[in-house]
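Results of the structural survey
Each chain is listed here by its residues.
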Amino acid sequence: MSLYDIPLKTLTGEPVSLADYRDRAVLVVNVASKCGLTPQYAGLERLQKEYGERGLTVLGVPCNQFAGQEPGSAEEIQTFCSATYGVSFPLLEKTDVNGEGRHPLYAELVKTADAEGEAGDVQWNFEKFLIGRDGRVTRFRPRTEPDAPEIVAAIEDQLA
């Protein structure tokens, strides 16, 4: 099964898949509302605004697996994201990214190594996976800010 065939659901429970974004670069990020890295939402929204018309979609995936930092309901998550950070990019349903209940999307994504050659489990909230228009996945660890030169360069490379 390719990444594009994996069934997903939006935060409101509507079916969706990465096939809906096949002609775009997609930055998949496991997000949380009560994390020290939560301010990264602002940078993610800036990426969406700056590159959205050129073919980037940021896709937020709420996850409560790291110190219970995403405890809210779908409605609470949506309200927090829009009211606090003006998030306009799509959000998926709350998802497990590690362990036995790991979503099939993340089962595939975590096979990708980061810049240091490390694959495996998601380390924390705000780990980023850029799925290029060519289907190639590039992985960025949680502390890499959305506007970091390496992320911007990877996005630019996909949108050129």
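Note that the coordinates shown come from a computational prediction; the quantities given were computed from them, not determined experimentally.

Let us look at the side chain of T95. Within the element layout of this structure, T95 appears in the loop between helix 2 (74-85) and helix 3 (104-109). The buried category is assigned to T95, whose relative accessible area is 9%. Separated by 2.7 Å, the side chain of T95 and the backbone oxygen of E93 make a polar contact. The contact partners of T95, leaving out residues within four places of it in the chain, are V61, P62, C63 and H103.

The four strands lie next to each other as 4-3-5-6, forming an open sheet whose pairing is mixed. Two strands lie at the open edges of the sheet, namely strand 4 (56-62) and strand 6 (137-140), each paired on one side alone. For this sheet, the mean inter-axis angle between neighbouring strands, taken without regard to orientation, is 20 degrees. The strands that helix 4 (residues 149-159) touches are strand 3 (25-31), strand 4, strand 5 (128-131) and strand 6; relative to strand 5, the one it contacts most, it runs at about 15 degrees.

Of note, the phi angle at A67 is positive, near 55 degrees, even though the residue is not glycine. Even without being a glycine, F126 presents a positive backbone phi close to 70 degrees. Tracing the backbone through its elements, the reader meets F126 in the loop between helix 3 and strand 5.

Under the counting rule described, the total for this entry stands at seven aromatic pairs. With a centroid separation of 5.3 Å and an interplanar angle of 45 degrees, the aromatic rings of F66 and W124 are classed as tilted. In this pair, F66 is assigned in the loop between strand 4 and helix 2 and W124 in the loop between helix 3 and strand 5, connecting sequence segments 58 residues apart. The exposure class assigned to F66 is buried, which follows from its relative accessible area of 7%. Through a chain of ring-to-ring contacts, three or more aromatic side chains come together here, namely Y41, F80, Y85, F89 and F126. The ring of Y4 is capped by R22, whose NZ or CZ atom sits 4.2 Å from the centre of that ring.

Between its first and last C-alpha atoms helix 1 (residues 40-51) spans 16 Å; for 12 residues at 1.5 Å apiece the expected length is 16 Å, and the two agree. Those residues of helix 1 that fall on the buried side of the exposure criterion are Q40, Y41, G43, L44, E45, L47, Q48 and Y51. The elements touched by buried residues of helix 1 are strand 3, strand 4, helix 2, strand 5 and helix 4.

Each value, and the rule that gives it
Residues numbered from 1 in each chain as written. Predicted model: local features only at pLDDT ≥ 70, side-chain atom pairs only at ≥ 80, totals over all residues. Heavy atoms only, no water. Helix = DSSP H or I, 4+ residues; strand = E, 2+ residues; numbered from the N terminus. Buried < 20%, exposed > 50% of the residue type's maximum accessible area, 1.4 Å probe, protein only. Polar contact = N/O pair within 3.5 Å; in protein donor to acceptor, adjacent residues only side chain to side chain. Contact = heavy atoms within 4.5 Å. Pairing = 2+ DSSP bridges. Axes fitted to C-alpha atoms, helices over the stretch in contact; angles between N-to-C directions. Phe/Tyr/Trp six-rings, centres within 6.5 Å; stacked < 30°, edge-to-face > 60°. Lys NZ or Arg CZ within 6 Å of the ring centre and 35° of its normal. Expected span 1.5 Å × (residues − 1).

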